[in-house]
Amino acid sequence: PTVDGLRAFANAVDDLEQRSRPPAAESRAMSDIAAEQALSERSDWNDPLSVTHGNGALTLRAAADYVRGFAQVFTGDERMPMWTHLVLARAALEASVISAWLNEPGIEPLERMERGLIEQLYSSREVKRLKLPGSMPKEDWWLKVAADLGWTVTWPNRKPAVDGTQRPSI
């Protein structure tokens, strides 16, 4: 039954993705869309709320994939791995927390943009730390976006905080 429940969650996320539609006129997402142009004009970051919503959706998709993989570990024909399920469980929990934080329905557009910026800063620092090649904006570019918006960036515990807002603890 547990495996069936995990698969049902992963399938529900798949179904949501396939039935993607514009947000309702009175929804928070539509408020974000309405506020986006004015927020975009405050810095060089184009479509900050759309990008943040997209990152939240991508992170939810990753969580569903990890959950599906976790369920599969328990139904395979071969010997149960010793550690794999723990790695998948942690990855699913991490992705779920970040997705919920980015997609939280009750926050104002400026707060969502701030959270999106935190994720961009976090990602750029990880890319730098891992010495990964790529064409995505570098940390300095995101720090300029924060400065253009009048936001202060600090790095408590090696994770970005923007005007005191931090990534949630997993």
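In what follows, the structure referred to is the one given above.
Residues numbered from 1 in each chain as written. Predicted model: local features only at pLDDT ≥ 70, side-chain atom pairs only at ≥ 80, totals over all residues. Heavy atoms only, no water.

## Some words on unusual backbone geometry
Logical step 1: The backbone phi angle of Asn157 is positive, close to 55°, even though this residue is not glycine.
Logical step 2: Its location among the elements puts Asn157 in the loop between strand S1 (153-154) and strand S2 (161-162).
Logical step 3: With a phi close to 65°, Arg158 is a non-glycine residue in the positive phi region. (Helix = DSSP H or I, 4+ residues; strand = E, 2+ residues; numbered from the N terminus.)

## Section: the environment of Thr152
Logical step 1: Among the structural elements, Thr152 can be located in the loop between helix H6 (139-148) and S1.
Logical step 2: Put simply, Thr152 and Glu114 are 38 residues apart on the chain and 11 Å apart in space, counted from C-alpha to C-alpha.
Logical step 3: Residues within four places of Thr152 in sequence aside, it is in contact with Ala161, Val162 and Asp163. (Contact = heavy atoms within 4.5 Å.)

## Focus on the layout of surface pockets
Logical step 1: Roughly 880 Å³ of volume is contained in the largest pocket.
Logical step 2: Taken together, 34 residues make up the lining of the largest pocket; nearest its centre are Thr59, Glu119, Tyr122, Ser123 and Arg167.
Logical step 3: Of all the secondary-structure elements, those providing two or more residues to the lining of the largest pocket are helix H3 (48-73), helix H4 (84-102), helix H5 (109-129) and H6.
Logical step 4: Looking at the lining of the largest pocket, the element that brings in the most residues is H5, giving 7 residues. (1 Å grid on protein atoms, 1.4 Å probe; cavity = no way out; pocket = protein on both sides within 12 Å on 5 of 7 lines; lining within 4 Å. Points joined across faces, edges and corners; volume = space filled by probe spheres on them.)

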